[in-house]
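Each chain, written out:
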Amino acid sequence: MSAQPEPASDLDRLRAEYASRKDRLAASDLYSPFNTANLFISQQRQRLTLKLLRENGFYPLDPLDILEVGCGTGGILLEYHSFGAHPENTHGVDLLPARLRDAHQHLPGSPILCADGQFLPLPSHFYDLVLQYTVFTSIFDDTIKMKIASEMLRVLKPGGMILWYDFWLNPTNKQTRGIRPAEIRRLFPGCRFDFHKVTLAPPVARRLAPVSWILALLLEKISLLNSHYLAVIRSQPVPDR
Ligand SMILES: C[S@@+](CC[C@H](N)C(=O)[O-])C[C@H]1O[C@@H](n2cnc3c(N)ncnc32)[C@H](O)[C@@H]1O
């Protein structure tokens with residue numbers, strides 16, 4: 001009997017997926033700000049992000065220590081720089097060295113590390129803000145998701161905030177799995193949550209935003225057409241004795 005090949009781990013699948021995605025998207029402007037739909041999606045996400053940061057007292061950003069888990073090529077941290085975050089205080093971690101090479105170019109003054117989010121080589125209770133943008137939906141393995149979430153909570157300062165931006169549904173990409181609030185609650189036990197639906201579903205935004213920005217704004221108000229959640233996650237205050 002021939003030996004069965006070892007099943008690839010979820011991290012191996014993810015590495016292979018990102019290697020092929022890089023080739024597939026090399027000549028595409030899917031994530032470019034010159035792509036009107038992408039510009040619409042980013043600006044709407046940024047408006048809500050700024051509102052939530054201000055409402056939760058995370059303003060101004062320059063004295064705050066910020067960590068993005070799964071920072072990829074650094075696009076989100078660059079957004080936070082444009083919001084006023086100090087480059088030296090904005091930290092990024094990603095699993096994939098090829099993506100981090102681009103991140104180092106985009107964010108020359110920021111500490112960026114190659115590490116698995118399950119084992120962050122970072123101090124406990126240090127960061128005011130911990131970000132995760134579209135990382136968890138690319139992971140299938142529940143244990144990996146739980147470990148990354150618990151590391152995010154470990155490095156968060158008391159009184160700090162996790163900002164979660166990820167989709168709940170994406171039927172077209174088989175390499176991802178949408179995550180709904182019930183699962184987010186399980187990943188961060190004992191926390192308080194404030195969920196906001198956002199992002200006009202990209203297939204709709206791609207058709208509509210180049211034709212009518214105003215119509216895209218109106219349709220984004222229909223909750224069912226929002227593909228993502230922007231969630232504020234705060235650890236519970238320790239009760240007074
Ligand atoms: C869809 S990309 C998002 C990148 C960035 N957050 C953004 O929104 O532009 C997901 C990123 O998560 C990273 N990632 C996935 N699993 C990870 C893990 N276990 N530890 C660290 N990074 C991980 C991937 O390498 C990839 O760069």
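As a starting point, this report considers the structure included with it. (Residues numbered from 1 in each chain as written. Predicted model: local features only at pLDDT ≥ 70, side-chain atom pairs only at ≥ 80, totals over all residues. Heavy atoms only, no water.)

Considerations on the layout of surface pockets
Link 1 in the chain: Of the voids in this model, the second largest pocket is the one considered here, and its volume is about 280 Å³.
Link 2 in the chain: Of all the elements in the fold, those that place two or more residues in the lining of the second largest pocket are α2 (36-55), β6 (191-200) and α8 (213-220).
Link 3 in the chain: The element best represented in the lining of the second largest pocket is α2, accounting for four residues.
Link 4 in the chain: Within the lining of the second largest pocket, the residues separate by chemical class into three nonpolar, four polar and five charged. (1 Å grid on protein atoms, 1.4 Å probe; cavity = no way out; pocket = protein on both sides within 12 Å on 5 of 7 lines; lining within 4 Å. Points joined across faces, edges and corners; volume = space filled by probe spheres on them. Helix = DSSP H or I, 4+ residues; strand = E, 2+ residues; numbered from the N terminus. Nonpolar A, V, L, I, M, F, W, Y, C, P; charged D, E, K, R; others polar.)

Some points on a nonpolar patch on the surface
Link 1 in the chain: On the surface, Ile-214, Leu-215 and Leu-218 cluster together into a nonpolar patch covering about 310 Å² of accessible area.
Link 2 in the chain: Note on placement: Leu-215 falls in helix α8. (Patch = residues over 30% accessible without salt bridge, like charges linked within 9 Å, V, L, I, M, F, W, Y side chains within 5 Å. Areas by Shrake-Rupley, 256 points an atom, 1.4 Å probe, with all protein chains shown as cover. Salt bridge = Lys/Arg side-chain N within 4 Å of Asp/Glu carboxyl O.)

A short note on helix α3 (residues 75-82)
Owing to its 3.6 residues per turn, the α-helix aligns residues three or four sequence positions apart on the same side.
Link 1 in the chain: When α3 is considered as a whole, its buried residues turn out to be Ile-76, Leu-77, Glu-79, Tyr-80 and His-81.
Link 2 in the chain: For α3, the secondary structure elements touched by its buried residues are α2, β1 (66-69), β2 (90-94), β3 (112-114), β4 (127-133) and β5 (156-167).
Link 3 in the chain: Note on α3: the residue one or two positions beyond its end, Gly-84, has a positive phi of about 115 degrees. (Buried < 20%, exposed > 50% of the residue type's maximum accessible area, 1.4 Å probe, protein only. Contact = heavy atoms within 4.5 Å.)

Here's the deal with the packing of aromatic side chains
Link 1 in the chain: All chains considered together, the criterion is met by ten aromatic pairs.
Link 2 in the chain: Judged by centre distance (4.9 Å) and plane angle (45 degrees), the rings of Phe-136 and Trp-164 are tilted. Here Phe-136, found in the loop between β4 and α5 (142-155), pairs with Trp-164, found in strand β5; they are 28 residues apart in sequence, far enough to count as distant. Grouping residues by exposure puts Phe-136 and Trp-164 together as buried.
Link 3 in the chain: Measuring from centroid to centroid gives 5.9 Å for Phe-195 and Tyr-229, while their planes differ by 75 degrees, and the two rings are edge-to-face. Pair noted here: Phe-195 is in strand β6 and Tyr-229 is in strand β7 (residues 226-235), with a separation of 34 residues, a long-range link.
Link 4 in the chain: On the basis of relative accessible area, Tyr-229 is assigned to the buried category, the value being 13%.
Link 5 in the chain: One aromatic cluster is present, formed by Tyr-80, Phe-83, Tyr-133 and Tyr-165 through successive ring pairs.
Link 6 in the chain: Between Arg-21 and the ring centre of Tyr-18, over which it is positioned, the NZ or CZ distance is 4.4 Å.
Link 7 in the chain: Sitting above the plane of the Tyr-165 ring, Arg-45 keeps its charged end 5.2 Å from the centroid. (Phe/Tyr/Trp six-rings, centres within 6.5 Å; stacked < 30°, edge-to-face > 60°. Lys NZ or Arg CZ within 6 Å of the ring centre and 35° of its normal.)

Quick word on the site of the ligand
Link 1 in the chain: Looking at the ligand, there are 19 residues lining it, with Glu-68, Gly-70, Asp-94, Arg-99 and Gly-117 nearest.
Link 2 in the chain: A distance of 2.7 Å is found between an oxygen atom of the ligand and a side-chain nitrogen or oxygen belonging to Asp-94.
Link 3 in the chain: For the ligand, whose accessible area on its own is 600 Å², the fraction buried by protein is 90%.
Link 4 in the chain: Residue composition of the shell around the ligand, grouped by class: eleven nonpolar, four polar and four charged. (Near = heavy atom within 4 Å. Polar contact = N/O pair within 3.5 Å; in protein donor to acceptor, adjacent residues only side chain to side chain.)

Some words on the pairing of β7
Link 1 in the chain: Of all ten residues that make up β7, nine are buried, and the element is covered over most of its length.
Link 2 in the chain: Both β5 and β7 contribute to a ladder of six bridges, which runs antiparallel. Counted as the bridge partner of Phe-167 is His-228 from β7. (Pairing = 2+ DSSP bridges.)

Some words on the nonpolar core
Link 1 in the chain: Core analysis: the biggest nonpolar cluster contains 34 residues, and Leu-53, Leu-61, Tyr-80, Leu-129, Leu-131 and Leu-163 have the highest contact counts within it.
Link 2 in the chain: Broken down by element, this core gets its largest block of residues, six residues, from α2.
Link 3 in the chain: Look past the residues within four positions of Leu-163 in its chain and what remains in contact with it is Thr-49, Leu-53, Tyr-80, Val-130, Leu-131, Gln-132, Tyr-133, Leu-230, Ala-231 and Val-232.
Link 4 in the chain: Listed in part, the 32 residues of the second largest apolar core include Val-69, Ala-115, Ile-148 and Ala-149. (Core = buried A, V, L, I, M, F, W, Y, C linked by side-chain atoms within 4.5 Å.)

A look at the sheet that holds β5
Link 1 in the chain: The seven strands lie next to each other as β3-β2-β1-β4-β5-β7-β6, forming an open sheet whose pairing is mixed. Edge positions in the sheet fall to β3 and β6, since each has one partner strand and no second. With strand direction ignored, the average angle separating the axes of adjacent strands in the sheet is 15 degrees.
Link 2 in the chain: Strands β4, β5, β6 and β7 of the sheet are contacted by α2, whose axis makes an angle of about 155 degrees with β6.
Link 3 in the chain: Sheet strands in contact with α5 are β1, β4, β5 and β6, and its direction is about 145 degrees off that of β5. (Axes fitted to C-alpha atoms, helices over the stretch in contact; angles between N-to-C directions.)

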